[in-house]
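Listed here are the chains, written in short residue letters.
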Amino acid sequence: MHDVAMTMRENSPSPKPPPRRGVGRFTLDMRQALSPWKQAGILAGSLAIGLFISVVILDIAGIAPFDLVRELAGVFNADSLRSVLVRAAPLILVGLSAGLAFRIGFWNLGLEGQMVFGGIGATAVSIYGIGPESTRLVVMGIAASAGGLLWVMLAYWMKVRFRVNEIISTLLMNYIASYFLLHLLYGAWQDSKTAFPQSTQYQPFERLSDIGYGINSALLVALAAAVVAGWGVHLSRAGFYMRFISANPNMAKVVGVPVRTISIAVIALSGVAAGLAGFVNVASQEGRLTQSFFDGYVFSGVLIAFLSRNDPIIVVIVGFLLAVLFVTGQTLQVFYQIPFTMVQLIEAIIVIAVASSEFLIRHRIRWTR
Amino acid sequence: MNDFFINWLANVPGTAAPYAFAALGLIISERSGVLNLTAEGLMLVGAVAGLGASLTMGGHPLIALLVAMLAASLMSLLFAGLVVILRVNQVIAGLSVVFFCQGLTGLIGTLANWQNHPIAGLKKIAIWPLSEIPVIGRILFDQDLVVYLAIPIFFAVSFFLRRSMLGLKLRAVGENPAAADAAGLNVSLYRIGAIVAGSSLVGLAGGYISVVSVKLWVTGMVGGRGWIAVALVVFARWAPWPALAGALLFGCIEGVVPRIAAAGISVPQYLMLMTPYVATIAVMMWVGARNRGYQGEPGALGQPHVREERR
């Protein structure tokens, strides 16, 4: 097209430039490829912008940037570091849960509901004293996995049987799960000693304890899950199938990829991870079911999965960083009366900044006259 | 028993109004081909802005509702910029905006100390001779101004989408943006306009909850109604009048929960509070079982339009 226009202009007797119209306009070119360094640069730049906006908002809310730096640095003393490591475990697990489901294009936004049923499953084992004391924690973990699995499979069943969009169904099921939790905590499972809406404290052998160096065994559960998921995604045949399914499900089906089986397995594992997140959360922190132990984990899971590009190994890193943000947020809540929703706001700003940066990675903007 | 039904049904227009306005706003923006999940967040923005306006400016509730609409429209520019200009995945962008708004409104409400300050709210207007009709009078003709306004607003939007040139162009952009672009329509502009205009109605829905229904700001007070509105749009097959019918259905369901407790019938309280969400899922399942195949969604729903990117 371009060449034809050029030759035509050369052949014409007087090559007059075409009249200029207006000042020009932006055009977008699709980039074919961009070097990893430039990609990293754009990503870092957008993260910096997002963090800058967050700092400005915190400043307006009454925390001077200097105080913020001090509080962030304060995270790295032994005590806070311990709570970061404890916090990281459920965050890594919800990140894995979201990342696995997103990998095959299933928008599992029911992480909180699955955490709730994970917590309920584990607590049921504790309350009814199922199994001997030595294996109680294992039974609790299995019950929690089953809880998360059932809750996510319900959404999957509604999707394949009745074509109910899983974005809406999983989100609504979070509300249903949280009301069911309240029904238990204000009813049959209420702690008779305190009369607060919380279950009776677990026995010592039903809690995930520290294994030294301030590392909680909850973290081991999360890291083990990440290693298994990393193996599955990067090395196993199933991981290859998952990439195929997300790229083109119809093609995958035609060439004989077991789409249905892989989907069911991945979504089930996603539910198991979220259920385990509920279990490690209650068993490592409060040691009992509370009415809000799952608060804010849906978007945290989405954020971790999005920033790590659904890669289970990077999920671990992002999970730790988010745990730092969570613990700092708690400090700010206690000492500066900043509501904890601030953490959610910063999470959203970071996701928006990084999502916007993909535009620059995929397009080249040019000014043409 | 008769009283129970009249009290219940007289409340339904008030409980249904937020669903109706939110779903209508979403229909406008989704008809332009943008999958809009922001309702939950923008309703919160409308709620906090409306209540803040009536607390600080001391104005008429109608002014507070206008502020709510404006605030939600302004906030929707963020979503519009993300999905229309930057072509961010519409699900990720929608979710981010919802959580951004949840964080922001929680922060503003707490820092400005707007929690738990009740306001007067909007008076009910009885349309006199009609309001004296037994049973029907109280249900239909003893409501507030916004509920009465819902009917002309629905007529206007329905007319706009189905009969006006601009509405036809908007639907063309949503059905096939490439063809609309080739025909000389500015796809981005139509989509941004649809998002902003629709979001003002979503803001009105949120403002109605805080200023008219509850008369109080509580963090996260929208409580999932935005997601139910998203489901309502699917149920209504992206058409205004079925959305109103669906909103009335959910208004009935939401309105009956406190009535049953007030009537002294002993039921598990928290299980009752689940009903709107369970009902939504049940309705979605019924819709899925009824319509095999095409569900009436705009052809390009959820797909960004990039002129330079040939598909």
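Parameters at a glance
Residues numbered from 1 in each chain as written. Chains lettered and ligands numbered in written order. Predicted model: local features only at pLDDT ≥ 70, side-chain atom pairs only at ≥ 80, totals over all residues. Helix = DSSP H or I, 4+ residues; strand = E, 2+ residues; numbered from the N terminus. Rg over C-alpha atoms; globule rule 2.2 N^0.38 Å. Axes fitted to C-alpha atoms, helices over the stretch in contact; angles between N-to-C directions. Parallel < 35°, antiparallel > 145°, perpendicular 65-115°, else oblique. Left-handed = near helix turned anticlockwise from the far one by under 90°. Contact = placed C-beta atoms within 7 Å. Nonpolar A, V, L, I, M, F, W, Y, C, P; charged D, E, K, R; others polar. Expected span 1.5 Å × (residues − 1). Buried ≥ 20, exposed ≤ 12 C-beta atoms within 10 Å, placed from the backbone. pLDDT = per-residue confidence, 0-100. Core = buried A, V, L, I, M, F, W, Y, C linked by C-beta atoms within 7 Å.

### Describing the overall build of chain B
Working step 1: Of regular secondary structure, chain B possesses 14 helices and two strands.
Working step 2: For 311 residues, the compact-globule estimate of 2.2 N^0.38 gives 19 Å, and the C-alpha radius of gyration of chain B, at 20 Å, lies within 12% of that figure.
Working step 3: With respect to the three principal axes, the spread of C-alpha positions in chain B is 65 × 45 × 40 Å.

### Description of the packing of helix α1 (residues 2-31) of chain B against helix α11 (residues 225-235) of chain B
If you want to describe how two helices pack, look at the angle between their axes and the distance between the axes.
All names here are of chain B.
Working step 1: Taken N-terminus to C-terminus, the directions of α1 and α11 make an angle of 55°; their axes are 8 Å apart at the nearest point. Overall, the two elements α1 and α11 adopt an arrangement that is oblique. Two packed elements cross with a definite hand, and for α1 against α11 that hand is right-handed. Residue-level inspection shows Pro 18, Tyr 19, Ala 22, Ala 23, Leu 26, Ile 27 and Glu 30 of α1 in contact with α11, the latter providing Arg 225, Gly 226, Ile 228, Ala 229, Val 230, Leu 232 and Val 233.
Working step 2: Looking at the contact of α1 with α11, its residues break down into eleven nonpolar, one polar and two charged.

### Quick word on helix α2 (residues 39-56) of chain B
Residue and element names in this part refer to chain B.
Working step 1: Taking 1.5 Å per residue, 18 residues should reach 26 Å; α2 reaches 25 Å between its end C-alpha atoms and fits that length.
Working step 2: Counting buried residues in α2 gives 16 out of 18 residues, a clear majority hidden from the surface.
Working step 3: Where α2 ends, the next residue or the one after it, Gly 58, has phi of about 60°, a positive value.

### Brief notes about the confidence of the model for chain B
Caution applies to low-pLDDT regions: their predicted coordinates should not be interpreted in detail.
Working step 1: On average, chain B scores 89 in pLDDT, and the residues at 70 or more come to 97%.
Working step 2: Mean pLDDT across the secondary structure elements of chain B bottoms out at helix α5 (residues 128-131) of chain B, with 76, and peaks at helix α10 (residues 187-214) of chain B, with 95.

### Re the packing of helix α6 (residues 136-162) of chain A against helix α11 (residues 259-286) of chain A
All names here are of chain A.
Working step 1: Closest axis-to-axis distance for the α6/α11 pair is 7 Å, and the angle between their directions is 135°. One way to sum up the angle between α6 and α11 is to call them oblique. Where α6 crosses over α11, the two elements pack in a sense that is right-handed. Of the residues in α11, those touching α6 at Met 140, Gly 141, Ala 144, Ser 145, Gly 147, Gly 148, Leu 149, Trp 151, Val 152, Met 153 and Tyr 156 are Ile 267, Ala 268, Ser 270, Gly 271, Val 272, Ala 274, Gly 275, Leu 276, Gly 278, Phe 279 and Ala 283.

### Examining unusual backbone geometry
What is expected of a backbone is that most residues other than glycine have negative phi and most peptide bonds are trans.
Residue and element names in this part refer to chain B.
Working step 1: In this structure, Arg 87 is a non-glycine residue whose phi angle is positive, near 55°.
Working step 2: Examined against the element boundaries, Arg 87 turns out to sit in the loop between α3 (61-85) and α4 (90-111).
Working step 3: Accessibility expressed as a C-beta count within 10 Å gives 21 for Arg 87, which makes it buried.
Working step 4: Positive phi values are uncommon outside glycine, yet Asn 116 reaches one of about 60°.
Working step 5: Looking at the element boundaries, Asn 116 is found in the loop between α4 and β1 (124-126).
Working step 6: The exposure class of Asn 116 is exposed, given the 9 C-beta atoms found within 10 Å.

### Digging into the nonpolar core
Working step 1: Residues A:Leu93, A:Ala222, A:Val280, B:Ala20, B:Ala23, B:Leu232 and B:Val233 are the most contacted members of the largest nonpolar core, which totals 209 residues.
Working step 2: With 14 residues, the top contributor of residues to this core is helix α4 (residues 78-103) of chain A.
Working step 3: Residues within four places of A:Leu93 in sequence aside, it is in contact with A:Ala222, A:Ala225, A:Ala273, A:Ala274, A:Leu276, A:Ala277 and A:Val280.

### Thoughts on the interface of chain A and chain B
Working step 1: Listed as interface residues are 38 residues of chain A and, on the opposing side, 40 residues of chain B.
Working step 2: Looking at the side of chain A that touches chain B element by element, the count peaks at twelve residues for helix α14 (residues 341-362) of chain A.

### Some points on the environment of B:Gly167
Residues and elements named next belong to chain B.
Working step 1: Along the chain, Gly 167 falls in helix α8 (residues 165-175).
Working step 2: We classify Gly 167 as partly exposed; it has 17 C-beta atoms within 10 Å.
Working step 3: Residues Gly 167 and Pro 129 lie 38 residues apart in sequence; the distance between their C-alpha atoms is 38 Å.
Working step 4: For Gly 167, the residues in contact, after removing those within four places along its chain, are Phe 160, Leu 161 and Arg 162.

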